[in-house]
Amino acid sequence: MPKSADKDLSMTLDLNSFTPPTGYKTGSGHHGHKTSFTSTRSALYHGRKIKIKTTYRIEIDGEPLTLHTVVTDDGKVHYHGLPNYAFASALDMAKAIIDAARHIPSIPDELGGHQHDDHSDHKGHDHGDHGGHN
Amino acid sequence: MVGIRENILVSPQVRADFFDAMIALDEADTGIMAADLANFVRANNLPLRIAGRNQEISRYDFFVFWHVVAMSMDLPPGNAAHSGPIFLPWHRMYMIRLEQMCQQILGKPDFGLPYWDWAADGELDDRDQWRTDLWTTDFLGEARGRVRTGRLAEMRVRIHQNPITGVLQSLDPRPIERFAGMDEDAPNLPTKAQERIALDQTEYDVPDWNFDVQSHRNILEGWIAAPQLHNRVHVWVGGDMAPGTSPNDPVFFLNHVNVDRLWERWMGENGRNYAPRANRGPAGHRIDSSMFSMVGDPMTPGDVLDPSPWYAYDHQLVA
């Protein structure tokens, strides 16, 4: 393999600039500060308006999950920490999260990532008026 | 010269080149430290936290980081890379950039990322799906447990997203992990019949653009009767393919190139149609929306609808 080419990569790994995608509101996303999540599913049926609000607060060993949890129209539960899954129930989801985290080693934090910042928002998060994320 | 994307099980040369490129990109020689990623997150007020070792990362790790950052950015109805119309064009842009890096590092401008035709393996008995040639020393190594044999045993996972806290952890480097076929929600791979359902859709995407709609994008992403197709492959492989850091396993790219190949087949049958168009649908998912990039200039879905400036699939060369 021509290792010399390794040093000639024209595309740099760029940490000096940040161009957010169209439509992104700076700071929005899963902050890790929310402890409850509300999904609103709505539909029209025979001229009648159906609205179902579902709020999840899920704890594992007393610690609340802080990543987005939403319900799809078919009633499955989706969780941002396992982004390709759709669970039949929140209980199944919590079990899968425990399984996925089982082998993560405890490591010293040299990056200050476990410190909470000062603008934490512990209120719930509403995913708005459709079956998906908002 | 454009890259040619071929089936990894068919072309020994593309397989060898793919492994060479993955391993070369995984060398921790960028001069970028995990602390630089943490500073980038803080400086731009991104909704992520990073903890763990302050270690030098590789170009490959940088692509893992890019994927996680995109996934963390809310862009309703999904995020900046998933669960909405942007899913297919964002991953096309992402893999164009990786493919270009592979071409440069290999010195082969016609290199194309290979694909894994997972629906072909989905026709096998469940018990045989994780025992195919793909999961042997000559190909990807172990389907279950840590990857200790084959070329990919040389790769190391340094960045991993904790599924409980969402914290991005800079780990002591370890081998890739898989648990293929062990998740009861996805004991088998997608089938050709399921793939056909995605290809038979007449619309790329439709309102409300979320993971409840019947559209080519949403069915191919795998949200109808989930997990199916793309999502199911992530769940079926499991291990490092499960969290937001799923590009840690190069199987991620074999999966997504195959997804991209199916999108390309769909466009071959339905035209290069994308929705939502300009000034319609959710901002960030429109044909002229700037997509989130950390390598190379940002592109729009419209920029990547025709991939012929960059690559072609083997089925397109036959004609």
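Keep in mind that this is a model prediction, so the values were computed, not measured.

A. Spatial organisation of unusual backbone geometry. All names here are of chain B. Cis geometry is found at the peptide bond from Pro76 to Pro77, where omega equals 15°. Among the structural elements, Pro77 can be located in the loop between strand 3 (74-75) and strand 4 (78-79). In this structure, Ser83 takes a positive phi of about 60° despite not being glycine. Note on placement: Ser83 falls in the loop between strand 4 and helix 4 (87-106). The phi torsion at Ala225 lies on the positive side, around 55°, for a residue other than glycine. One can find Ala225 in the loop between helix 8 (216-221) and helix 9 (229-237). Looking at Ala225, the number of C-beta atoms within 10 Å reads 13, which means it is partly exposed.

B. Quick look at the nonpolar core. Residue and element names in this part refer to chain B. Core analysis: the biggest nonpolar cluster contains 112 residues, and Ile50, Ala70, Ala80 and Trp90 have the highest contact counts within it. When residues in this core are grouped by element, the largest group, 11 residues, is from helix 4. Each residue touching Ala70, except ones within four places of it in the same chain, is listed here: Asn79, Ala80, Ala81, Trp90 and Phe292.

C. Structural view of helix 3 (residues 59-72) of chain B. Under the 1.5 Å per step criterion, the end-to-end length of helix 3 of chain B is 20 Å for 14 residues, consistent within 8% with the ideal 20 Å. The element helix 3 of chain B is largely enclosed, with a buried count of 14 among its 14 residues.

D. View of the pairing of strand 7 (residues 168-174) of chain B. All names here are of chain B. Pairing geometry for strand 2 (residues 50-52) and strand 7, over three bridges, is parallel. When the bridges of strand 7 are listed, Ala51 appears paired with Gln169. In the sheet, strand 6 (residues 157-161) pairs with strand 7 via four bridges, with the strands oriented antiparallel. Its bridge partner lying in strand 7, Gln161 is registered against Leu168. Here strand 6 hands over to strand 7 after six residues, with Gly166 in that stretch at a positive phi of 80°.

E. Quick peek at the environment of Asp172(B). Along the chain, the position of Asp172(B) falls in strand 7. Considered as a pair, Asp172(B) and Asn39(B) are 133 residues apart in the sequence and their alpha carbons are 20 Å apart.

F. Examining the packing of helix 7 (residues 192-199) of chain B against helix 10 (residues 251-270) of chain B more closely. All names here are of chain B. Here helix 7 crosses helix 10 at 50°, and the two axes come no closer than 10 Å. In terms of orientation, helix 7 lies oblique with respect to helix 10. Helix-helix and strand crossings are classified by hand; for helix 7 and helix 10 the assignment is right-handed. Contacts between helix 7 and helix 10 involve Glu195, Ala198 and Leu199 from the first element and Leu262, Arg265, Trp266 and Glu269 from the second. The class makeup of the residues in the contact of helix 7 with helix 10 is four nonpolar, no polar and three charged.

G. Spatial organisation of the sheet that holds strand 6 of chain B. All names here are of chain B. Strand order in this open sheet of three strands is 2-7-6, and the pairing throughout is mixed. Of all strands in the sheet, those with a lone pairing partner are strand 2 and strand 6, marking the two edges. Neighbour-to-neighbour, the strand axes of the sheet open up by a mean angle of 35°, direction not taken into account. Sheet strands in contact with helix 2 (residues 34-43) are strand 2 and strand 7, and its direction is about 155° off that of strand 2. On the sheet, helix 3 packs against strand 6 and strand 7 and is oriented at approximately 10° with respect to strand 6.

H. Representation of helix 4 of chain B. Residues and elements named next belong to chain B. Helix length check: helix 4, at 20 residues, gives a terminal C-alpha distance of 28 Å against a target of 28 Å (1.5 Å per residue), a fit within 8%. Taking burial as the measure, the 20 residues of helix 4 include 17 buried ones, the bulk of the element. Phi for Gly107, located one or two positions after helix 4, is positive at around 70°.

I. Up close: the interface of chain B and chain A. Contact with chain B, which involves 73 residues of that partner, is made by 54 residues of chain A. No other element matches helix 4 of chain B, which puts six residues into the side of chain B that touches chain A. Partitioning the side of chain B that touches chain A into residue classes produces 37 nonpolar, 25 polar and 11 charged.

J. Main features of the environment of Phe252(B). All names here are of chain B. Within the secondary structure, Phe252 sits in helix 10. Among the residues examined, Phe252 registers 22 C-beta atoms within 10 Å and is labelled buried. Setting aside residues up to four positions removed in sequence, Phe252 forms contacts with Met241, Ser246 and Pro247.

Conventions and cut-offs
- Residues numbered from 1 in each chain as written.
- Chains lettered and ligands numbered in written order.
- Predicted model: local features only at pLDDT ≥ 70, side-chain atom pairs only at ≥ 80, totals over all residues.
- Helix = DSSP H or I, 4+ residues; strand = E, 2+ residues; numbered from the N terminus.
- Buried ≥ 20, exposed ≤ 12 C-beta atoms within 10 Å, placed from the backbone.
- Core = buried A, V, L, I, M, F, W, Y, C linked by C-beta atoms within 7 Å.
- Contact = placed C-beta atoms within 7 Å.
- Expected span 1.5 Å × (residues − 1).
- Pairing = 2+ DSSP bridges.
- Axes fitted to C-alpha atoms, helices over the stretch in contact; angles between N-to-C directions.
- Parallel < 35°, antiparallel > 145°, perpendicular 65-115°, else oblique.
- Left-handed = near helix turned anticlockwise from the far one by under 90°.
- Nonpolar A, V, L, I, M, F, W, Y, C, P; charged D, E, K, R; others polar.

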